[in-house]
Amino acid sequence: MFILSLSFPQSVSFADAQYVTINTSYSYLYKDATHTEHYDFKISGGEKLVLLEENSDYYKISYTYENTEYIGYIPAEIAGIYHDDQEEIPVYNGEIIKKTDVYTLDGTLMENISLDPGHEIYIYEGFNSEKEFTKIKFSFNGNVYIGQVETVNLSPNGVNKGVIIAFSIITAIVGVILIMLGFKKKKKWHKLLKKKEK
């Protein structure tokens, strides 16, 4: 087996290194940017990989396997920049209510990952029932991921989706009533002004 050198480009240091993580269950590490030949091991989803170079097609990374350092390429469509808040889930504040696919934050489908009803999640940027997608943090096969799912497929704090919709309808009705009351007050005020002018 061909083993690559342990040296790194001068622009990369471990102190301020940027990392990449796999958004699927696993990926091969390819020997070149064409993704035609790969090493004989797999990288599990969620692992932190040292980023050496990136473009729209691939991430060039450093990876240690069995105490040997390898440099290779990961397809950009199945990976993304690693964020510090992927380290742990502080608390679960919602759950999946309908089997759903998961997408990366830029809208790419996470292959081989789907969440079943009852799967606990962390909604980390608030919940808005009117948004098409909601950003979540979740655990899958022992790894923590950040992604987004269709809002209709989740429920915050276990609240039933029907309750949320009903509350939204009630809020809308109250808003209409307040507007109508406002118009009535304006009409009365106009009538009083006209009487004073006479």
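Residues numbered from 1 in each chain as written. Predicted model: local features only at pLDDT ≥ 70, side-chain atom pairs only at ≥ 80, totals over all residues. Heavy atoms only, no water.

**With respect to the overall build of the protein chain**
Definition in use: A run of H or I in DSSP becomes a helix once it reaches four residues, and a run of E becomes a strand once it reaches two; helices and strands are each numbered from the N terminus. Relative accessibility thresholds used throughout: buried, under 20% of the residue-type maximum; exposed, over 50%; partly exposed, between the two (1.4 Å probe, protein chains only). By definition, residues are in contact when any of their heavy atoms lie within 4.5 Å. Here the open area of atoms and residues is found with the Shrake-Rupley method and a 1.4 Å probe, where only the protein chains shown may cover a residue.
Assigned secondary structure in the protein chain consists of 1 helix and 14 strands. Within the protein chain, the fraction of its 198 residues that count as buried is 35%. At a minimum sequence separation of 6, the contacts of the protein chain that also span at least 24 residues come to 55%. Summed over all atoms, the accessible surface of the protein chain reaches about 12700 Å², with 53% contributed by carbon and sulfur.

**Describing the environment of threonine 64**
Heads up, the condition is: The definition of a polar contact used here is a pair of N or O atoms within 3.5 Å, where within protein one atom must be able to donate a hydrogen and the other to accept one, and adjacent residues in sequence count solely through side-chain atom pairs.
Within the fold, threonine 64 resides in strand E5 (residues 58-65). With relative accessibility at 43%, the residue threonine 64 sits in the partly exposed group. In sequence terms threonine 64 and leucine 49 are 15 residues apart; their C-alpha atoms lie 8.8 Å from each other. Here glutamate 69 takes part through its side chain, which lies 2.5 Å from a polar atom of the side chain of threonine 64.

**Topic: the packing of aromatic side chains**
Formally: To pair, rings of Phe, Tyr and Trp, with the six-membered ring standing in for Trp, must have centres within 6.5 Å; the planes then decide the type, stacked if under 30 degrees apart, edge-to-face if over 60, and tilted in the middle. Ring-over charges, as used throughout, are those where CZ of Arg or NZ of Lys falls within 6 Å of the ring centre and within 35 degrees of the ring normal.
Taken as a whole, this structure holds 8 aromatic pairs when the rule is applied. A connected cluster of aromatic rings, assembled from ring pairs, spans Tyr39, Phe41, Tyr63, Tyr65 and Tyr70. Above the plane of the ring of tyrosine 19 lies lysine 48, whose end atom (NZ or CZ) is 4.5 Å from the centre.

**Observations concerning the confidence of the model for the protein chain**
Our working definition: Per-residue confidence from the predictor is reported as pLDDT, a score between 0 and 100.
Overall, the predicted model of the protein chain reaches an average pLDDT of 75, with 67% of residues at or above 70. Taken element by element, the predicted model of the protein chain shows its lowest mean pLDDT in helix H1 (residues 161-197) (57) and its highest in strand E9 (residues 100-103) (94).

**Quick notes on the nonpolar core**
Put simply, the test is: The set of buried Ala, Val, Leu, Ile, Met, Phe, Trp, Tyr and Cys residues whose side-chain atoms join them within 4.5 Å is what this entry labels a nonpolar core.
If you look at the biggest cluster of nonpolar residues, it comprises 16 residues, and the most contacted ones within it are Leu29, Phe41, Ile43, Tyr59, Ile61, Tyr63 and Ile74. Sorting the residues of this core by element identifies strand E1 (19-22), strand E3 (38-44), strand E4 (49-54), E5 and strand E6 (68-75) as the ones contributing at least two each. If we ignore the near neighbours within four places in the chain, the residues touching leucine 29 are His38, Tyr39, Phe41, Ile43, Ile61, Tyr63, Tyr70, Ile71, Gly72, Tyr73 and Ile74. Of all hydrophobic cores here, the second largest spans 13 residues; its members include Val102, Met110, Val149 and Leu154.

**Things to note about the environment of tyrosine 73**
If you trace the backbone, tyrosine 73 turns up in strand E6. Residues tyrosine 73 and tyrosine 59, 14 residues apart in the sequence, show an inter-C-alpha distance of 5.6 Å. Those residues within four positions of tyrosine 73 in sequence are excluded, and the remaining contacts are Tyr28, Leu29, Tyr30, Lys31, Asp32, Ala33, His35, Tyr58, Tyr59 and Lys60.

**Quick look at the pairing of strand E12 (residues 133-140)**
Regular strands show a simple pattern: their side chains alternate between the two faces of the sheet. Applicable threshold: Paired strands are those between which DSSP finds at least two bridges.
Note: strand E11 (residues 120-123) against E12, 2 bridges, orientation antiparallel. Bridge pairing links isoleucine 123 to isoleucine 136 in E12. In the sheet, E12 pairs with strand E13 (residues 143-150) via 8 bridges, with the strands oriented antiparallel. Residue pairing across strands places phenylalanine 133 opposite glutamate 150, the latter belonging to E13.

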